[in-house]
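The chain contents come next:
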Amino acid sequence: METVEMNSVSLKRPRSEDDVANADEIKRQKISEKSKTGNDSGQSVETVTDQPDKSLLEDAKNEIIPNEESEEQEDEELEDSDEDGDPESFADMMKHGLTESDVGITKFVSSHKGFSGILKERYSDFVVHEIGKDGRVSHLDDFSVPVDDEDPSEETFTVLSDEDKQRLEELQLLKNKETSVAIEVIEDTKEKRTVIHQAVKSLFPGLETKTEDRDGKKYIIAYHAAGKKALANPRKHSWPKSRGSYCHFVLYKENKDTMDAINVLSKFLRVKPNIFSYMGTKDKRAITVQEIAVLRITAQRLAHLNKCLMNFKLGNFSYKNHPLKLGELQGNHFTVVLRNITGTDDQIEQAMHSLREIGFINYYGMQRFGTTAVPTYQIGRAILQNNWNEVMDLILKPRPGAEKGYLVKCREEWAKTKDPAAALKKLPVKRCVEGQLLRGLLKYGMKNIISAFGIIPRNNRLMYIHSYQSYVWNNMVSKRIEEYGLRAVPGDLTLKGATAVHIEEGDVGNYTIHDVVMPLPGFDVIYPKHKIGEAYKEMLVADNLDINNMRHKIRDYSLSGAYRKIIIRPQNVSWEVVAYDDPRIPLFTTDLDKLEGKPLPVLPTDGKFRALKMEFSLPPSTYATMAIREVLKMDTSIKNQTQLNTTWLR
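Each value, and the rule that gives it
Residues numbered from 1 in each chain as written. Predicted model: local features only at pLDDT ≥ 70, side-chain atom pairs only at ≥ 80, totals over all residues. Heavy atoms only, no water. Buried < 20%, exposed > 50% of the residue type's maximum accessible area, 1.4 Å probe, protein only. Helix = DSSP H or I, 4+ residues; strand = E, 2+ residues; numbered from the N terminus. Contact = heavy atoms within 4.5 Å. Pairing = 2+ DSSP bridges. Axes fitted to C-alpha atoms, helices over the stretch in contact; angles between N-to-C directions. Left-handed = near helix turned anticlockwise from the far one by under 90°. Disulfide = S-S within 2.5 Å. Salt bridge = Lys/Arg side-chain N within 4 Å of Asp/Glu carboxyl O. Core = buried A, V, L, I, M, F, W, Y, C linked by side-chain atoms within 4.5 Å. Phe/Tyr/Trp six-rings, centres within 6.5 Å; stacked < 30°, edge-to-face > 60°. Lys NZ or Arg CZ within 6 Å of the ring centre and 35° of its normal. pLDDT = per-residue confidence, 0-100. Polar contact = N/O pair within 3.5 Å; in protein donor to acceptor, adjacent residues only side chain to side chain.

Engineer: Sorry, what's going on with helix α9 (residues 376-384) here?
Structural biologist: Among the nine residues in α9, eight count as buried, and that is most of the element. Where α9 is buried, its residues contact α10 (388-396), α14 (449-453) and α15 (458-484). Backbone geometry just downstream of α9 places Asn386 in the positive-phi region, at approximately 65°.

Encoded structure:
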């Protein structure tokens, strides 16, 4: 069962950090101290998205959405231009969003008093380093390229003019009626011709070349070797047998999610994105470091991208004989800065000691459930109920809350006409879920919603039913903590290898709360033998579902279920409190800073503000927001945080 979240919602601040003047930043710091919530203290915090990689005992497939080049640039421009709105209207719209209690997140495990802090004031305040299956933490610390006699010369990347590259790209992508491109060889020598041949074949996979004499001049003729099917396929015959077929590298990225990064790399390399593989998707609003593998693209070509990519760096290249598989990682190591904290030293010590010794409830975070007034779990429930009219209505109907203007117009048109073609005309961004569903309805008709829904990429469709599973799990875990507290009790479940077994009365002393797991509902799991087992059944009955029949007539939507630990104890926990004056100054150095020789930031010993710098490691499919929630004792929903920050935004 997949848990890949290709379109996980990234929670963003209403204003870009770079657009806020220093005076406004300081004003915000002061105002945030005055914000109050109902939990133990006044908390003001920005939420973070930590993309889960793979649930416990769940299999995942590395399925990549094809790159729709003709639409993608337009989509990105529209998304960028419509991202930031009036702060007051944004805050007002977010009143319709979800809070933690709406998705079952209600309990804490620690006893300390909460305090306030600002998370992700800058995206550089949140850094994620992937931990591979061998336990090694990924770092970008080497730009060198493996020496290989068969690599093309550096001249390969400069010998073609921009005009030649444009014509070759159009030929490669079959964008015009030309069947070949002729490149005149200036200063003709055999060496020069060889370099041009190499340049075309390495930079434009799928094209072949030959030399021709025309009117006494030498030309290199580029053409398709095997017609359209050859487009962007890695060239097998040009790859040395002694070299591993996959180039592994470390991707350092800033403020970009993993799939967007891979699509950008694909465009620059002129290849399809599905030749890339990775172990997990990473958050957008952060600095992240992870390993990527790509089929038959040289380290030399990849390293050349460092000269032209913004917010990306590639390094630590090596050749191996295998790709990467989703979920193979051990987890992620986080470095997080909470700025303008109000807690006393004693409060902070209590909170961090509790995080290290006890841990936090392993809730699915808010980003699992969407940011609009229609939560993703409601769509998942309708799919499981086989109520396809409801699925269509939930995805397309108008809704209150923060949405882009063109989506609002599309929904209004749909509500008025129920005409897929008319609604689609209002929607310039075609690759969003709404656009894909409308195209499906145009193709298959209103009486075949199942097939129309099937046009949406598989991972996106499965995201909805996984959201429903997560919703049930969160609610059941809160009931479990409320009923039995932080101890193992008879009837709880624990794992023996990959098999779940009940804890018996006589063995309960051999287990702690850290051994207890609870099931995500499905046909291949067992349930606790105490009150919570019955609570699962009651919750699904209330949703018109049968817990004993979780198989769907469409195989993709049959839920096998899985098990998930209810308490996670982070590893490698450390923390320090630092003082600072300027909110724009970074409070630690990144991998790129170190490679570029940037010095450590000089911080005052007695600054105006205090920040908590914390580090910890988490296993896959756990949410860093839920760990930070336990430290601060606050609600991590956009709705709550936007309301808290409305004052300074005004």
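Engineer: Explanation requested: the pairing of strand β8 (residues 287-295) in the structure shown.
Structural biologist: Each regular strand carries side chains that alternate between the two faces of the sheet. Most of β8 sits inside the fold, with nine of its nine residues counted as buried. Neither face of β8 is open: one carries Ile287, Val289, Glu291, Ala293 and Leu295, the other Thr288, Gln290, Ile292 and Val294, and all of them are buried. Pairing of strand β2 (residues 126-131) with β8, which is carried by three bridges, proceeds in the parallel orientation. Paired with Val128 across the bridge in β8 is Thr288. Sheet topology places strand β6 (residues 246-254) next to β8; nine bridges connect them, and they run antiparallel.

Engineer: Help me out: how do you make sense of the sheet that holds strand β5 (residues 217-224) in this one?
Structural biologist: One key point about sheets: their strands pair by backbone hydrogen bonds, in either a parallel or an antiparallel sense. Reading across the sheet, the three strands line up as β3-β5-β4 and stay open at both edges, with antiparallel pairing between neighbours. The open sheet has two edge strands, β3 (180-184) and β4 (207-214), and neither has a second partner. Between one strand axis and the next, the sheet turns by 25° as a mean value, whatever way the strands run. When β3 meets β5, the two strands line up antiparallel, connected through five bridges. Bridged to Glu184 within β5 is Tyr219. Strand contacts of helix α4 (residues 162-172): β3, β4 and β5, with the helix running at about 160° to β3, the strand carrying the most contacts.

Engineer: Before we go on, may I ask you to explain the packing of helix α11 (residues 405-417) against helix α13 (residues 433-444) in this structure?
Structural biologist: Packed helix pairs are characterised by how far apart their axes lie and by the angle those axes make with each other. The interhelical angle for the contact between α11 and α13, taken along N-to-C directions, is 30°, at an axis separation of 12 Å. The handedness of the crossing between α11 and α13 comes out as left-handed. Residues Leu407, Cys410, Arg411 and Trp414 of α11 touch α13, and the partners they reach there are Glu434, Leu438 and Leu441.

Engineer: How should I be thinking about the sheet that holds strand β14 (residues 516-520) in this particular structure?
Structural biologist: Spatially, the four strands line up as an open sheet ordered β13-β12-β14-β15, and their pairing is antiparallel. One side of each edge strand has no neighbouring strand; the edge strands of this open sheet are β13 (499-502) and β15 (562-565). The sheet shows a mean angle of 55° between the axes of neighbouring strands, taken without regard to direction. Sheet topology places β14 next to β15; four bridges connect them, and they run antiparallel.

Engineer: Whenever I open this one, the state of the cysteines confuses me. Can you help?
Structural biologist: Disulfide: a covalent bond formed between the sulfur atoms of two cysteine residues. A complete count under the given rule lists zero disulfides for this structure. Of the cysteine sulfurs around Cys432, a residue in no disulfide, the closest is that of Cys410, at 7.2 Å. Cys432 gets classed as buried once you look at its relative accessible area, which sits at 17%.

Engineer: Explanation requested: the pattern of salt bridges in the structure shown.
Structural biologist: Side chains that carry opposite charge are capable of pairing whenever their charged atoms lie near each other. Taken as a whole, this structure holds 27 salt bridges when the rule is applied. A salt bridge links Glu130 to Lys282, with the shortest nitrogen-to-oxygen separation between them at 3.1 Å. Of this pair, Glu130 sits in strand β2 while Lys282 is found in the loop between β7 (276-278) and β8, placing the two residues 152 residues apart along the sequence. The pair Glu130 / Lys282 is uniform in exposure class, with both members buried. Of the charged contacts in the structure, one is a salt bridge between Glu184 and Lys217, with a shortest N-O distance of 3.8 Å. Of the two residues, Glu184 sits in strand β3 while Lys217 sits in strand β5, which places them 33 residues apart along the sequence. A residue is classified by how much of its surface remains accessible, and Lys217, at 41% relative accessible area, is partly exposed.

Engineer: Mind showing me how you'd approach the nonpolar core here?
Structural biologist: Soluble globular proteins tend to pack their nonpolar side chains together in the buried interior. Grouped together as the largest cluster of nonpolar side chains are 106 residues, with contacts concentrated most on Phe453, Leu612 and Met614. For this core, the element with the highest residue contribution is α15, accounting for 12 residues. Discounting chain neighbours no more than four positions away, the residues touching Leu612 are Phe115, Val336, Val337, Leu338, Ile341, Ile348, Met352, Trp575, Glu576, Val577 and Val631. Listed in part, the 29 residues of the second largest apolar core include Ile275, Ile292, Val294 and Ala303.

Engineer: Help me understand the environment of Val489, please; the structure alone is not making it clear to me.
Structural biologist: Inspection of the secondary structure assignment puts Val489 in the loop between α15 and β12 (493-496). Along the primary structure Val489 and His502 are separated by 13 residues, whereas in three dimensions their C-alpha atoms are 9.8 Å apart. If we ignore the near neighbours within four places in the chain, the residues touching Val489 are Arg480, Tyr484, Ile503, Val508 and His530.

Engineer: Before we go on, may I ask you to explain unusual backbone geometry in this structure?
Structural biologist: Excluding glycine, residues mostly have negative phi values, and the peptide bonds linking residues are mostly trans. Notably, Arg270 is not glycine yet its phi reads approximately 60°, a positive angle. On the secondary structure map, Arg270 appears in the loop between α6 (258-269) and β7. Its relative accessible area of 19% is what places Arg270 among the buried residues. Phi at Arg296 is positive, roughly 50°, even though this residue is not glycine. Within the secondary structure layout, Arg296 lies in the loop between β8 and α7 (299-304). Judged by relative accessible area, which is 23%, Arg296 ranks as partly exposed.

Engineer: Just checking my understanding: could you explain the packing of aromatic side chains for this structure?
Structural biologist: Centre-to-centre distance and the angle between the planes together describe a pair of aromatic rings. Under the counting rule described, the total for this entry stands at 14 aromatic pairs. Ring geometry for Phe249 against Phe317: centres 6.4 Å apart, planes inclined by 40°, an arrangement best described as tilted. With Phe249 in strand β6 and Phe317 in strand β9 (residues 312-320), the pair connects residues that are 68 residues apart, well separated along the chain. For Phe317, a relative accessible area of 9% gives the class buried. Joined through ring pairs, the aromatic side chains of Phe369, Tyr377, Tyr468 and Tyr471 make up one cluster. Here Arg214 stacks its cationic end above the ring of Tyr219, 5.8 Å away from the centre of that ring. Just above the ring of Phe108 sits the side chain of Lys633; from NZ or CZ to the centre is 5.5 Å.

Engineer: Would you mind going over α10 with me for this structure?
Structural biologist: Residues three or four positions apart in an α-helix share a direction because the helix packs 3.6 residues into each turn. Buried within α10 we find Trp388, Val391, Met392, Leu394, Ile395 and Leu396. Along its buried surface, α10 packs onto α9, α11, α13, α14 and α15.

Engineer: Honestly, the side chain of Thr335 in this entry has me stumped. Any pointers?
Structural biologist: Looking at the secondary structure, you find Thr335 in strand β10 (residues 331-339). Apart from the residues within four sequence positions on either side, Thr335 is in contact with Asp125, Phe126, Val127, Phe588, Lys613, Met614 and Glu615.

Engineer: What am I meant to see in the pairing of β14 here?
Structural biologist: Burial of β14 is extensive: five of the five residues sit out of reach of the surface. One ladder, built from two bridges, connects β12 with β14; its direction is antiparallel. By the bridge assignment, Leu493 is partnered in β14 with Val517.

Engineer: Help me understand the confidence of the model for the protein chain in this model?
Structural biologist: Low pLDDT means the predicted coordinates in that region are not meant to be read closely. Across the protein chain, pLDDT averages 81, with 79% of residues at or above 70. In the model, residues 228-232 has pLDDT below 50 throughout and makes 12 contacts with residues more than four positions away in sequence or in other chains.

Engineer: Just to check I follow, could you spell out the environment of Asp556 for this structure?
Structural biologist: Inspection of the secondary structure puts Asp556 in the loop between α16 (531-542) and β15. Accessibility expressed as a relative area gives 27% for Asp556, which makes it partly exposed. Residues Asp556 and Arg458, 98 residues apart in the sequence, show an inter-C-alpha distance of 8.5 Å. The residues contacting Asp556, other than those within four sequence positions of it, are Arg458, Arg461, Leu462 and Ile465. Engagement of the side chain of Asp556 in a polar contact is seen with the side chain of Arg458, the distance being 3.1 Å.

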